[in-house]
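Fold and contact review
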Amino acid sequence: MSTASNTARANILGRLKAAPGRPGPDLPPWTPPTYADKLARFRQMAEANHAEIHDVTASNWPQRLATLLNNRGLRNLMIAPGTPRGDALVQAAAQGVPLPPLVPYDQSVEALKDALVHQVDAGLTGTRGAIAETGTLILWPTAQEPRLLSLLPPLHIAVLEEDTLHDTLAAAVRDQGWAAAGMPTNALLISGPSKTSDIEQTLAYGVHGPKELIILLVKKGE
Amino acid sequence: MAADGGHHPEHAPRFAERAPDALNNPQLRRNFRRAMDGLMAKRAAQFPDPAYWAELRARGAAVKARALAKLPDLLERLETNLTANGVQVHWAETTEEANAIVLGILQQAGARTVIKGKSMVSEEMHLNAHLERHGITAVESDLGEYIIQLAGETPSHIVMPCIHKNKAEISDLFAEKIPDQPRTDDVDELTAAARRVLRERFANADAGISGVNFAVAETGTLVLIENEGNGRLSTTLPPLHIAVTGIEKVVEFLDDVPPLLALLTRSATGQPITTYVNMISGPRKAGEKDGPTAVHLVLLDAGRSRVYQDVELADTLRCIRCAACMNHCPVYTRVGGHTYNAIYPGPIGKILTPQLQGLDAAGDQPHASTLCNACAEVCPVKIPIPDLLVRLRREAVRPTETPATHLPVVKDGGAERSWKESLVWAGWRLVYTRPLLYRMVTRALAWGGNWVPASAPLMRDWTKARARPRFKPRTLHDLARERGYLNEVPK
Amino acid sequence: MTAATPPTVTAPAKPDTVYFFGTCLVDMLYPEAGLAGMDLLRHAGVRVIFPEGQSCCGQPARNSGYMEEARAVARAQLDAFPGDIPIVVPSGSCAGMMKTHYPHLFEGDPDQPRAIAFAARVHELTAFLVNVLGVTLEDKGAPVTVTWHPSCHSLREMGVVEEPKALLRQLANVTLVENKRERECCGFGGTFAVRQAAVSTAMVSDKLASVRETGAGTLLSGDCGCLMNIGGHAEKVGDGTRCRHIAEFLMERCHGG
Ligand code: SF4
């Protein structure tokens, strides 16, 4: 911090501290909604957010994905090697599941920039759970599964385990212990594909990020 | 009773002088009416249950009020935790200082081009122009901001900056400014054109600049919300990220975010949540493959700590910039954002601008309101905007002092003082506090009030659009007596 | 927020005596509306006191930022309405001033406790007729179609939403048609109408257009500020819509004026 910034800091904090004290109110009670059928709510809201949901199982999802992508003419699908999801796809492809060519996000963005910005057609990530109230996916990107994987490709495919649904963001933050665990570099809530309504309040998708979001919902016990 | 305004020789045209331009532009009127009607309906649909709305909003207001009560402490905590996370924190008392800090960081990094996410604070700083003067190109990436940057305009709304423009105008603009772009009526095509251009800008940007919606002290986290993904790109793809924000954006706990977020997106655009909620707690860590390698936060005061001195006016700082107040404002709907000639238009602007810029520059703004309370009714953090408008009207004519500094509570307090107006109110007080005198005066008006010439100061403006009010031959005082209503006030 | 928030019925015991605060605008420009308000109360079986000492709630000065003047005039009202008798006001705006702003206006003033007690006694006329007196009306008039204009302060300061409409719906021959934009301000705003004449004109002209769209020939309101504005504009542009205070309308239909 520069000297100027130091002076500014001292002056700003000085003024704030010299101001008359005021009591901070106690927080009034607030009961965020809960849902008897979280999955139904999630589905309804995610679809309202323009996401596409497909029910899959822990074993058949690579095959299902291959079928889903079959007619799309994707040039490639970027994955995160070293993650269970990424590795499962690599394995499936090796076993002959007809997936688009898999591209690993295995170098820094500087090395991959051109491919990421111009050439990758789809990216696949896992999720850290989801929020029923708003149909929202929770992603905590990691060293293996970088941030841009869910952002630059025009199609984002996210794998979501059915039993990781939370009623609300408030519940997820609390139950997953976000504050205590320490926040990651980047935590994301994603609710549908990229969109804008800046032109005459008309919805248009894919303005900067993905035009489409496919959620593979892994049903439990199947 | 209009302020004489004679002591503002150099001032820009005032609100009342600017309004007719917008009012006489039917296309603009239609654009705004349509947009505001849509936004109001969408918001209403998000709060179907008045009891839950009341509960959520009470929580949101209290969260912000509590954060303000601890503001200096929370700012220090925020700084400590951000620094521990590897974010470099800077403080700026003025927008000039903030510009110098941002420029310094960019120059040190050798940055030539910058991609920007939407940030009203950067508008407040006039950051783009500042960078431009120093040879750095700043490109807006929010579609609405991009459009107005192409058009060389300023935002007319704090959430939807190009809401004043319709499709045809945008199509013409793109055709003129984007190479090989044909005119089109198709919003998807227009959007795709912007994507094409901006993708390259993102890829080549040396730095990204963004605002902040909430800064969480507890964890040292910057929360940014958006629908387009441009905010995520601006804060992820370039090697350097600089966030600029006002000091009032800090909240204490991560748990404070969910209620505020729920209020913000529902109030702003009638969405249960935005497409992206982007929580940034540090630069790229060792082993991570993307994200900026350096993250800076510039904390801007620019008058906010002065607003903070007055406990009543400090409610202004609760604002989460949802724009619901402008969406519901019958004045804003008719004149649009540019009439305010300020960064923040609408009701929030009418209370914020005079406090940040002073009553000399913006003392007329608090009067651009009927005090209809539509804003206060929808404000998700319960800012009593009409009461603050009245308070500022007061500060403009009869300023109060901050005890510690003996400065007027609001910059340029007393700027709208006018001896004519004071005299009118002194006379009014004299008459209206003396029952006998009052009855004499009202009887006199009953007898002769209708002879007041139509050219008399107030009558002239009133009768431009309305028939003159008619005094009745007998006052209610007279009629009540005649009809036998008691005047027996029990002791 | 839904427009149809049910009125909060506190149902205090029906008083035998009330004060009537006529408001300065009614006093000089719409005395017949004030008189009708008192007559309605009298017909409902309560004794009405009209204290001679009353003048104005003080709102014009307060809204212009002249707090001391506003407080002085407000204090005169505290003096004019002693005791704990309910104060009924034929204006949501003046009632709102007294109920929601007096306590704050007297902050740090020795009279603040008096102002707070006074504020608690203030009632808007239609809400008082419905919630406290529980009046029943019998319509003796010819069929007519009307629309309602709530003033911003009756809606958003006094919380009077359904009461006036409930009164109108009691009238067999009156058809009440809703204005889709009834919650939007008419553009009066006291000095706003002259300080911001152009914006105010745009607002009142839109308001009148929305009234016209209802097809009702009569506009009723509980606030004479709005009536002076909308009615004045209608008259100026040669629109035939009649703009009347609800009290006058009710008296005329139920008790022959
Ligand atoms: S003042 Fe309230 S309604 Fe207006 S932008 Fe701020 S938070 Fe939203």
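Residues numbered from 1 in each chain as written. Chains lettered and ligands numbered in written order. Predicted model: local features only at pLDDT ≥ 70, side-chain atom pairs only at ≥ 80, totals over all residues. Heavy atoms only, no water.

Chain C appears in an unreviewed UniProt entry as L-lactate dehydrogenase complex protein LldE from Nitrospirillum amazonense.

Chain B goes by L-lactate dehydrogenase complex protein LldF in an unreviewed UniProt entry, where it is assigned to Nitrospirillum amazonense.

Secondary structure summary: chain C contains 13 helices and 8 strands in total. The C-alpha radius of gyration computed for chain C amounts to 18 Å, which stays within 12% of the reference 18 Å derived for 257 residues, consistent with globular compactness. Taking the principal axes of its C-alpha atoms as reference, chain C extends roughly 50 × 45 × 35 Å. Across the 257 residues that make up chain C, the buried fraction comes to 67%. Considering only residue pairs separated by 6 or more positions, chain C has 79% of its internal contacts joining residues 24 or more positions apart. (Helix = DSSP H or I, 4+ residues; strand = E, 2+ residues; numbered from the N terminus. Rg over C-alpha atoms; globule rule 2.2 N^0.38 Å. Buried < 20%, exposed > 50% of the residue type's maximum accessible area, 1.4 Å probe, protein only. Contact = heavy atoms within 4.5 Å.)

Let us now look at the state of the cysteines. Residues and elements named next belong to chain C. Evaluation of the coordinates by the stated rule reveals 0 disulfides over all chains. Cysteine cysteine 226 shares no disulfide, and the gap to the nearest cysteine sulfur, in cysteine 186, comes to 4.2 Å. The exposure class assigned to cysteine 226 is buried, which follows from its relative accessible area of 9%. (Disulfide = S-S within 2.5 Å.)

Contacts between the two partners involve 77 residues from chain B, matched on the other side by 78 residues from chain C. Taking both sides of the interface into account, the surface hidden between chain B and chain C amounts to around 7,200 Å²; carbon and sulfur atoms contribute 58%. When residues of chain B are sorted by the area they lose upon contact with chain C, B:Arg466, B:Leu476 and B:Tyr485 head the list and together hold 11% of the total. Linking chain B with chain C are 17 salt bridges, by the criterion used here. (Buried area = accessible area lost by both parts, 1.4 Å probe. Salt bridge = Lys/Arg side-chain N within 4 Å of Asp/Glu carboxyl O.)

The next subject is the sheet that holds strand E2 (residues 47-49) of chain C. Residues and elements named next belong to chain C. The strand order E2-E1-E3-E4 describes an open sheet built from 4 strands, whose pairing is parallel. Single-partner strands in this sheet number two, and they are E2 and strand E4 (122-124). The mean angle between the axes of side-by-side strands here comes to 35°, regardless of whether they run parallel or antiparallel. Alignment of strand E3 (residues 87-89) against E4, held across 3 bridges, turns out to be parallel. When the sheet's bridge partners are listed, valine 88 is paired in E4 with histidine 123. The sheet contacts of helix H2 (residues 31-43) involve strand E1 (17-20), E2 and E3, and relative to E1 the element is tilted by about 175°. This element, helix H7 (residues 125-132), spans E1, E3 and E4 of the sheet and lies at about 95° to E4. (Pairing = 2+ DSSP bridges. Axes fitted to C-alpha atoms, helices over the stretch in contact; angles between N-to-C directions.)

Next up on the list: the pairing of strand E6 (residues 136-139) of chain A. All names here are of chain A. The alternating pattern of E6 places Thr136 and Ile138 on one face and Leu137 and Leu139 on the opposite face, and all of these are buried. By the bridge criterion, 2 bridges tie strand E5 (residues 130-131) to E6 in an arrangement that is antiparallel. By the bridge assignment, alanine 130 is partnered in E6 with leucine 137. Relative to strand E9 (residues 186-190), E6 runs antiparallel, the two sharing 3 bridges. What sits directly across from leucine 137, in E9, is isoleucine 190.

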